[in-house]
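# A closer look at the structure
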Amino acid sequence: MNFLNEVSQHWPDAVSLAAGRPYEEFFDDDAPGRWLDRFRRHLADDLGQTPEQVRRTLFQYGRTKGIIHHLIARNLAVDEDVHVDDEAVVVTVGCQEAMLLVLRALRAGPTDVLLAVAPTYVGLTGAARLVELPVRPVAGGPAGVDLADLRAQVHRARAAGLRPRACYVMPDFANPSGTSIGLADRQRLLDLAVEEDLLLIEDNPYGLFPAGDADRVPTLKALDTRRRVVYLGSFAKTVLPGARIGYLVADQRVGGVDGAVGLFADQLAKIKSMVSVNTSPLAQAVIGGALLEHGCSLVAANRRERAAYTRNRDQLLAGLRRRFPAGSPVRWNTPAGGFFVVVTVPFPVDDALLRRSAERYGVLWTPMAHFYDDGRPVDALRLSVSAVTPAQIDLGLDRLAALITDELTRAAIPAG
Ligand SMILES: Cc1ncc(COP(=O)(O)O)c(C=O)c1O
């Protein structure tokens, strides 16, 4: 991520098809203030807090597990048909902190390992590195997860004396692959988790953005009748990234160091108290107000955004088809939603090529090699459609096509 930031700062005029940020045209200067007021009224009118209590809730250090947990639980019920106790929710500093807390809790000893569907979000592998939890890749493939490989990886790790603690998955429009897991495979994945006694970490920042008017597939957590899933959520793409609010749902009952059984969420909250004490109540209030304003439904709140991402995805796919017609060695996938499309080319795609792309062609993208942890060359790049206009997509694709054409020509010319 640092490398990408460095490249985009160095070439600020380049069209960025790299950033997985949400669309900025809908940012509204008045919204955060309005949402803060809405949440303040909620504290007073719905929860019966006195003006002094309201002030303390917003201005003081606060509850480690957060102050909008009940609204998040309601949001999950309304939008996802996920029904969990408010106490199983921990509000975190972005989804990133949620990941860190879960991985830290799972890392009990040197034989513990994490399985993760590859390619994997870099924030996950970075957090795992920080807590010294090795990540072993599981094949993703076009179906989102290769279940046979997952089982094989569990067995292989155990045969090597290791303890696979969990498998990290992004069932909806994964970052970076864009792939999704179908309903039948979600059921099979849950069954496999029970059979192999494995926890699943479901990360779902893009689930509200299926392309067009396609129906959403139930989350793993919605199908999780056996408490195998720790669910990670983010409001960065659905409300406001600047608030830095995310959350986790951990309704498993686990034994603590003292032998007492309690909620996994409470164990995670103990770790959080030593990482960030509590999540900013003011930032939580902004997100809480946004939830209240929309009856706790972010599906309803994101209609414009969903339409914009669909429009951009369609623009990108049509632009790729026009520039690389049938017979071209350039290929790409067609994700059913989300922010990302993966383009495969017949030459190595590395950081040096990205620098050349930024400097000489004025277009940024992300090498897919960044999302694999083994340093292998990967002949693919990730394009993001979330933070650009249709005109920028066309300009970016013109520039990308020029780069690819030149690389293909270079590859075809024998050295010397
Ligand atoms: C798969 C995935 N998980 C988590 C995050 C981070 O979310 P947050 O901004 O809430 O920390 C991202 C952000 O891009 C992401 O793509």
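Residues numbered from 1 in each chain as written. Predicted model: local features only at pLDDT ≥ 70, side-chain atom pairs only at ≥ 80, totals over all residues. Heavy atoms only, no water.

One recurring pattern in soluble globular proteins is that nonpolar side chains are buried together. Within the largest apolar cluster, 37 residues are counted, with the highest numbers of intra-cluster contacts made by F39, I68, I72 and F235. Counting only elements with at least two residues in this core, the list comes to helix 2 (31-46), helix 3 (51-59), helix 4 (69-80), strand 2 (89-93), strand 8 (245-249), helix 10 (281-293) and helix 11 (298-301). When residues in this core are grouped by element, the largest group, seven residues, is from helix 10. Each residue touching F235, except ones within four places of it in the same chain, is listed here: I72, N75, L240, I245, G246, Y247, I287, L291 and L298. Counting 35 residues, the second-largest nonpolar core is a separate cluster that includes A14, A18, L316 and V363. (Core = buried A, V, L, I, M, F, W, Y, C linked by side-chain atoms within 4.5 Å. Buried < 20%, exposed > 50% of the residue type's maximum accessible area, 1.4 Å probe, protein only. Helix = DSSP H or I, 4+ residues; strand = E, 2+ residues; numbered from the N terminus. Contact = heavy atoms within 4.5 Å.)

Here the protein is described as being made up of domain 1 (2-20 + 302-411) and domain 2 (31-298). Taking only C-alpha atoms into account, the centre of domain 1 sits 29 Å from that of domain 2. Listed per partner, the contact involves 21 residues of domain 1 and 24 residues of domain 2. For the pairing of domain 1 and domain 2, the buried interface totals around 1,800 Å² over both sides, and the portion due to carbon and sulfur atoms is 56%. Its largest share of buried area at the contact with domain 2, domain 1 owes to N302, R306 and F371, together 34% of the area lost on that side. For the interface between domain 1 and domain 2, the tally reads one salt bridge. Close ionic contact of D373 with R129 constitutes a salt bridge, the shortest N to O distance being 3.0 Å. For the pair domain 1 and domain 2, the number of links is 13 residue pairs in polar contact (both at pLDDT 80 or more). Among the residues making up the side of domain 1 that touches domain 2, the classes are represented as nine nonpolar, seven polar and five charged. (Domains from an automatic or database assignment. Buried area = accessible area lost by both parts, 1.4 Å probe. Salt bridge = Lys/Arg side-chain N within 4 Å of Asp/Glu carboxyl O. Polar contact = N/O pair within 3.5 Å; in protein donor to acceptor, adjacent residues only side chain to side chain. Nonpolar A, V, L, I, M, F, W, Y, C, P; charged D, E, K, R; others polar.)

Looking now at the site of the ligand. Close to the ligand lie 15 residues, the nearest being C95, N175, D203, Y206 and S234. Between the ligand and D203 there is a distance of 2.6 Å, counted from a nitrogen atom to a side-chain nitrogen or oxygen. Within the side chain of R244, a nitrogen or oxygen atom sits 2.8 Å from an oxygen atom of the ligand. When the free accessible area of the ligand is taken as 390 Å², the share hidden by the protein chains comes to 92%. Take the shell around the ligand: its biggest share by element is four residues, from helix 5 (residues 94-106). Classifying every residue of the shell around the ligand by side-chain character gives eight nonpolar, four polar and three charged. (Near = heavy atom within 4 Å. Areas by Shrake-Rupley, 256 points an atom, 1.4 Å probe, with all protein chains shown as cover.)

Assignment of secondary structure puts D79 in helix 4. Within the buried set, D79 has no salt-bridge partner at all; the shortest N-O distance to an opposite charge, 5.1 Å, is to R216. Among the polar contacts listed, one links the side chain of D79 to the backbone nitrogen of V299, at a separation of 3.3 Å. If we skip the residues at most four places from it in the chain, D79 touches R216, C296, S297, L298 and V299. (Lys, Arg positive; Asp, Glu negative; His and termini not counted.)

Attention now moves to the packing of helix 2 against helix 3. Running from amino to carboxyl end, helix 2 crosses helix 3 at an angle of 135 degrees, the nearest separation of the two axes being 9 Å. Taken together, the axes of helix 2 and helix 3 lie oblique to each other. In this structure, helix 2 meets helix 3 at a crossing whose hand is right-handed. Residue-level inspection shows F39, R40, L43 and A44 of helix 2 in contact with helix 3, the latter providing V54, T57 and L58. (Axes fitted to C-alpha atoms, helices over the stretch in contact; angles between N-to-C directions. Parallel < 35°, antiparallel > 145°, perpendicular 65-115°, else oblique. Left-handed = near helix turned anticlockwise from the far one by under 90°.)

So, on to helix 7 (residues 147-159). Three- or four-residue spacings in an α-helix give side chains the same orientation, since the helix completes a turn every 3.6 residues. The end-to-end C-alpha distance of helix 7, which contains 13 residues, comes to 18 Å, matching closely the 18 Å that a straight helix rising 1.5 Å per residue would cover. Of the positions making up helix 7, those classed as buried are L147, D149, L150, Q153, V154 and A157. Axial view of helix 7: buried residues confined to an arc of 160 degrees, hence all on one face. The exposed residues of helix 7 that point more than 90 degrees off its buried face are A148 and A159. Tucked into the core, helix 7 has its buried residues touching strand 3 (112-118), strand 4 (135-139), strand 5 (163-169) and helix 8 (183-195). Where helix 7 begins, the capping side chain belongs to D146, and its oxygen is found 3.1 Å from the backbone nitrogen of A148. (Expected span 1.5 Å × (residues − 1). Arc of directions from axis to C-beta.)

Leftover empty space is mapped by rolling, across the atoms, a probe with the size of a water molecule. In this model, the second largest pocket occupies a volume close to 440 Å³. Lining the second largest pocket are 18 residues, with L106, R165, D197, L199 and V254 sitting closest to its centre. At the level of secondary structure, the elements contributing two or more residues to the lining of the second largest pocket comprise helix 5, strand 5, strand 9 (253-255) and helix 9 (264-275). Within the lining of the second largest pocket, the residues separate by chemical class into seven nonpolar, three polar and eight charged. (1 Å grid on protein atoms, 1.4 Å probe; cavity = no way out; pocket = protein on both sides within 12 Å on 5 of 7 lines; lining within 4 Å. Points joined across faces, edges and corners; volume = space filled by probe spheres on them.)

On to helix 8. For helix 8, which comprises 13 residues, the first-to-last C-alpha distance of 19 Å matches the rise-based estimate of 18 Å (1.5 Å per residue) to within 8%. Restricting attention to buried positions, one finds in helix 8 the residues D185, R186, L189, L190, L192 and A193. For helix 8, the angular spread of the buried residues around the axis is 160 degrees, confining them to a single face. For helix 8, the elements touching its buried residues are helix 7, strand 5, strand 6 (199-203) and strand 7 (229-234).

Glancing now at the sheet that holds strand 15 (residues 380-384). As summarised here, the arrangement of the four strands in space is 11-12-15-14, forming an open sheet in which the pairing is antiparallel. Looking at strand neighbours, the two that pair on one side only are strand 11 (331-332) and strand 14 (366-367), the edges of this open sheet. Pairing of strand 12 (residues 340-344) with strand 15 involves five bridges; the strand directions are antiparallel. Opposite F340, over in strand 15, you have S384 as the bridge partner. Lying on the sheet, helix 12 (residues 303-323) is in contact with strand 11, strand 12 and strand 15; it crosses strand 12 at an angle near 15 degrees. (Pairing = 2+ DSSP bridges.)

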